[in-house]
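Coordinates in review
Single-letter residue listing:
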Amino acid sequence: MSRVYNFSAGPSMLPEEVLKKAQDEMLECGKSGMSVMEMSHRSKDYQEIIDGAEALVRELMNVPDNYKVLFLQGGGSTQFAMVPLNLANKNKKADYVITGQWAKKAAAEAERYITVNKVASSADKTFSYIPKLDKSTFSSDADYFYICYNNTIYGTRFTKLPETDATLVADISSCVMSEVIDVTKFGLLFAGAQKNLGPAGVTLVIVREDLLDDVMDITPTMLNYKTHADNGSMYNTPPTYGIYVLKLVLEWIKAKGGVAELQKINEAKAKILYDYLDSSKLFKGTVVPEDRSLMNVPFVTGNDELDAKFVAEAKAAGFVNLKGHRTVGGMRASIYNAMPVEGVEKLVEFMKKFEAENA
Ligand SMILES: *Cc1c(COP(=O)(O)O)cnc(C)c1O
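Parameters and conventions
Residues numbered from 1 in each chain as written. Predicted model: local features only at pLDDT ≥ 70, side-chain atom pairs only at ≥ 80, totals over all residues. Heavy atoms only, no water. Phe/Tyr/Trp six-rings, centres within 6.5 Å; stacked < 30°, edge-to-face > 60°. Helix = DSSP H or I, 4+ residues; strand = E, 2+ residues; numbered from the N terminus. Buried < 20%, exposed > 50% of the residue type's maximum accessible area, 1.4 Å probe, protein only. Lys NZ or Arg CZ within 6 Å of the ring centre and 35° of its normal. Contact = heavy atoms within 4.5 Å. Core = buried A, V, L, I, M, F, W, Y, C linked by side-chain atoms within 4.5 Å. Near = heavy atom within 4 Å. Polar contact = N/O pair within 3.5 Å; in protein donor to acceptor, adjacent residues only side chain to side chain. Nonpolar A, V, L, I, M, F, W, Y, C, P; charged D, E, K, R; others polar. Pairing = 2+ DSSP bridges. Axes fitted to C-alpha atoms, helices over the stretch in contact; angles between N-to-C directions. Expected span 1.5 Å × (residues − 1).

Our focus in this paragraph is the packing of aromatic side chains. Taken as a whole and assessed by the stated rule, the structure comprises 19 aromatic pairs. Look at Phe-283 and Phe-299: their rings are 5.7 Å apart centre to centre, the planes differ by 85 degrees, and that puts the pair in the edge-to-face class. With Phe-283 in the loop between helix H7 (259–279) and strand S11 (284–285) and Phe-299 in strand S12 (residues 296–300), this pair connects stretches of sequence that are 16 residues apart. For the residue pair Phe-283 and Phe-299, the accessibility class agrees, reading buried in each case. Members of the aromatic cluster, each reached through a chain of ring pairs, are Tyr-5, Phe-7, Tyr-276, Phe-283, Phe-299, Phe-310, Phe-319, Phe-350 and Phe-354. When the ring centre of Tyr-129 is taken as reference, the NZ or CZ atom of Lys-125 above it lies at 6.0 Å.

All right, on to the environment of Met-234 then. Structurally, Met-234 is set in the loop between helix H5 (225–229) and helix H6 (240–255). Under the relative-accessibility criterion, Met-234 is labelled buried at 5%. When sequence neighbours within four positions are dropped, the list of residues in contact with Met-234 reads His-41, Arg-42, Tyr-46, Gln-47 and Ile-50.

Okay, the environment of Gln-23 next. Its location among the elements puts Gln-23 in helix H1 (residues 16–24). For Gln-23, a relative accessible area of 57% corresponds to the exposed category. Sequence spacing of Gln-23 and Phe-80 is 57 residues, and the spatial spacing of their C-alpha atoms is 34 Å.

We now examine the nonpolar core. Inside soluble globular proteins, nonpolar side chains tend to come together where they are buried. Counting 91 residues, the largest nonpolar core has Val-57, Phe-71, Ile-172, Met-177, Ile-206, Phe-283 and Phe-310 as the members making the most contacts within it. Top element by residues in this core is H6. It accounts for 10 residues. Judged by nonpolar contacts, the second largest core, of 32 residues, contains Phe-80, Ala-110, Tyr-154 and Val-207.

In the region of the ligand, 13 residues are neighbours, and Ser-77, Thr-152, Asp-171, Gln-194 and Lys-195 sit closest. A distance of 2.6 Å separates a nitrogen atom of the ligand from a polar side-chain atom of Asp-171. Measuring from an oxygen atom of the ligand, one finds a side-chain N or O atom of Gln-194 at 2.9 Å. No other element matches helix H3 (residues 75–87), which puts four residues into the shell around the ligand. Split by residue class, the shell around the ligand holds three nonpolar, eight polar and two charged.

Okay, the sheet that holds strand S2 (residues 67–72) next. Ordered by their spatial adjacency, seven strands build an open sheet running S2-S10-S9-S8-S5-S3-S4, and the pairing between neighbours is mixed. The open sheet is flanked by S2 and strand S4 (115–121), the only strands paired with a single partner. The sheet shows a mean angle of 15 degrees between the axes of neighbouring strands, taken without regard to direction. Here helix H4 (residues 101–110) sits on the sheet and contacts strand S3 (93–98), S4, strand S5 (144–148) and strand S8 (167–171); the angle it forms with S3, its principal contact strand, is near 160 degrees.

Along its 16 residues, H6 runs 23 Å from first to last C-alpha, staying within 8% of the 22 Å computed at 1.5 Å per residue. Of all 16 residues in H6, 13 are buried; the element is thus mostly enclosed. After H6 finishes, the residue Gly-257 shows a positive phi value of roughly 110 degrees.

In structure tokens:
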């Protein structure tokens, strides 16, 4: 067996310990006599798994009691509709900061139902920075204020939250549990699991209870947070196996010392890569230094042919999925929680060798 270093933006690497545990429990989980995939979601064995997953989310993210923790389906993208359909219940208006494709898609989806005020955008420079916010552009009557916390495609992240009185909502799909986030600052947080939390198919939602009432009449039952909150995420069959693997990932995070410890490791990992990019004569990062993501690191040589050569040679050497998003070009290394420090060190060694050979 030869496992590669997988720099995919998502689905992405999972900790090997997690995969091995899942393998060990594949045929029989606990004393149940069956695989988790074969369990009724109404069984006692499964209830323990989902309760355990919720308890770990609460513990690791310090989620206060007046917030619901939900495990939903439909990916991050379904949240683009659920957020306005549930939260825009007073003035049917919300503020959005446009920091990339995911924020753009979220705003476009919200526009189908409500008035969207785009308070700022960094589209002018291919989303390579987080725009400075000017309060005078904020709506006085927005039902919520929306940000994409970490911009997976462009490699930027918010390091300072908007100063708004409106309910703050954040897409944390690509940074959940990679750095400490103060849940109390937000009305709602959501994350598709496939970047930092587990396999695709589960979406984590953390929402303040008082926001769950008065939803629009048109909100479909399955897109109503209250449906899932009132039924412990089991109104219908939840993505049972995905939630189980997510629980294993959370146990792994806890064993590592929790989110604050992972943040230190992630900062060290990102620094190795950014320090090299800043010193390299061949490669350069595409994002302004103050807004650089800890999770997604885009870089270019400035020459498309050389970029393609690098991606191909890296792949042959066991560093896969480094091709950048088509709107940025070049390369992108996604270095989520499960990417070991060693993976980043070896990538930088490889980049140095490539630089020496192609200077
Ligand atoms: C991947 C991603 C999404 C989309 O998630 P899906 O689960 O594919 O719908 C949304 N937002 C961000 C920030 C992402 O990284």
